[in-house]
Amino acid sequence: GTWGSQHIFVDPERPRDDYALTYTCINTPLNWHAFNDGYHVTHHLHPGCHWSQLPHKFHQDKQLHADRNALVFDGLDFFQVGMLTMFRQWHTLAKHLVHPVTGEPWSEEAAIREFKRRLTPVPLPAA
């Protein structure tokens, strides 16, 4: 990915699920300068979609994001999410994790538990 952190929160139980192998960054200025790259789940779902349409597609699909437990960060970009993760700043990350439909923040405890769960190594498929 652009900042090397777009796929750090992969759900080990669903590593091939587009809703679970990356996350979305909304309300961040970097989206304007990086071709809406913050809408990374949407990019995976609609790879041929023009970058200027990614926010619209995200808003159309918000309920699916919620139903599939996709991660959405409000006010952080990929670089910030990556750095906060590398420095284990779980509380700061948790403040920005929101429900895709309501925009309500996750509880800090649930967010941190989910971050750590998604940082578990993904097992290799059997040969």
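Residues numbered from 1 in each chain as written. Predicted model: local features only at pLDDT ≥ 70, side-chain atom pairs only at ≥ 80, totals over all residues. Heavy atoms only, no water.

(A) Quick peek at the packing of aromatic side chains. Counted according to the given criterion, the structure contains nine aromatic pairs. Relative to Tyr 23, the ring of Phe 9 lies with its centre 5.9 Å away and its plane at 65°, an arrangement referred to as edge-to-face. Placement of the pair is Phe 9 in the segment before strand 1 (23-26) and Tyr 23 in strand 1, with a sequence separation of 14 residues. Since its relative accessible area comes to 0%, Phe 9 is described here as buried. Residue class for Tyr 23 comes out buried when judged on its relative accessible area of 0%. A ring pair is formed by Tyr 39 and Phe 58, whose centres lie 5.6 Å apart and whose planes are at 55°; its orientation type is tilted. A residue pair is termed long-range when its members are at least 10 positions apart, and Tyr 39 in the loop between helix 1 (29-33) and helix 2 (40-45) and Phe 58 in helix 3 (residues 54-60) qualify at 19 residues. (Phe/Tyr/Trp six-rings, centres within 6.5 Å; stacked < 30°, edge-to-face > 60°. Helix = DSSP H or I, 4+ residues; strand = E, 2+ residues; numbered from the N terminus. Buried < 20%, exposed > 50% of the residue type's maximum accessible area, 1.4 Å probe, protein only.)

(B) How the structure looks around the side chain of Thr 28. Position of Thr 28 relative to the elements: it lies in the loop between strand 1 and helix 1. We classify Thr 28 as buried; its relative accessible area is 7%.

(C) Local environment of the pairing of strand 2 (residues 71-74). By the bridge criterion, four bridges tie strand 1 to strand 2 in an arrangement that is parallel. Considered in strand 2, the bridge of Thr 24 is made with Val 72. When strand 2 meets strand 3 (residues 97-98), the two strands line up antiparallel, connected through two bridges. Its bridge partner being in strand 3, Val 72 is matched across the sheet by Val 98. (Pairing = 2+ DSSP bridges.)

(D) Spotlight on the sheet that holds strand 2. Ordered in space as 1-2-3, the three strands form an open sheet in which the pairing is mixed. Looking at the sheet topology across the chains shown, the edges are occupied by strand 1 and strand 3.

(E) Quick look at the environment of Leu 64. Position of Leu 64 relative to the elements: it lies in helix 4 (residues 62-67). Sequence separation between Leu 64 and Val 122 is 58 residues; the distance between their C-alpha atoms is 23 Å.

(F) Inspection of helix 5 (residues 78-86) at higher detail. Burial in helix 5 covers these residues: Phe 78, Val 81, Gly 82, Leu 84 and Thr 85. Taken down its axis, helix 5 places every buried residue within 170° of arc, on the same side. Packing partners of the buried residues in helix 5 comprise strand 1, helix 2, strand 2 and helix 6 (90-96). Of the residues flanking the start of helix 5, the one acting as N-cap is Asp 77, its side-chain oxygen 3.0 Å from the backbone nitrogen of Phe 79. Backbone geometry just after helix 5 places Arg 88 at a positive phi near 55°. (Arc of directions from axis to C-beta. Contact = heavy atoms within 4.5 Å. Polar contact = N/O pair within 3.5 Å; in protein donor to acceptor, adjacent residues only side chain to side chain.)

(G) Structural view of helix 7 (residues 108-118). Along helix 7, the residues that are buried comprise Ala 111, Ile 112, Glu 114, Phe 115 and Arg 118. Burial along helix 7 is one-sided: seen end-on, the buried residues are contained in an arc of 160°. Along its buried surface, helix 7 packs onto strand 2, helix 6 and strand 3.

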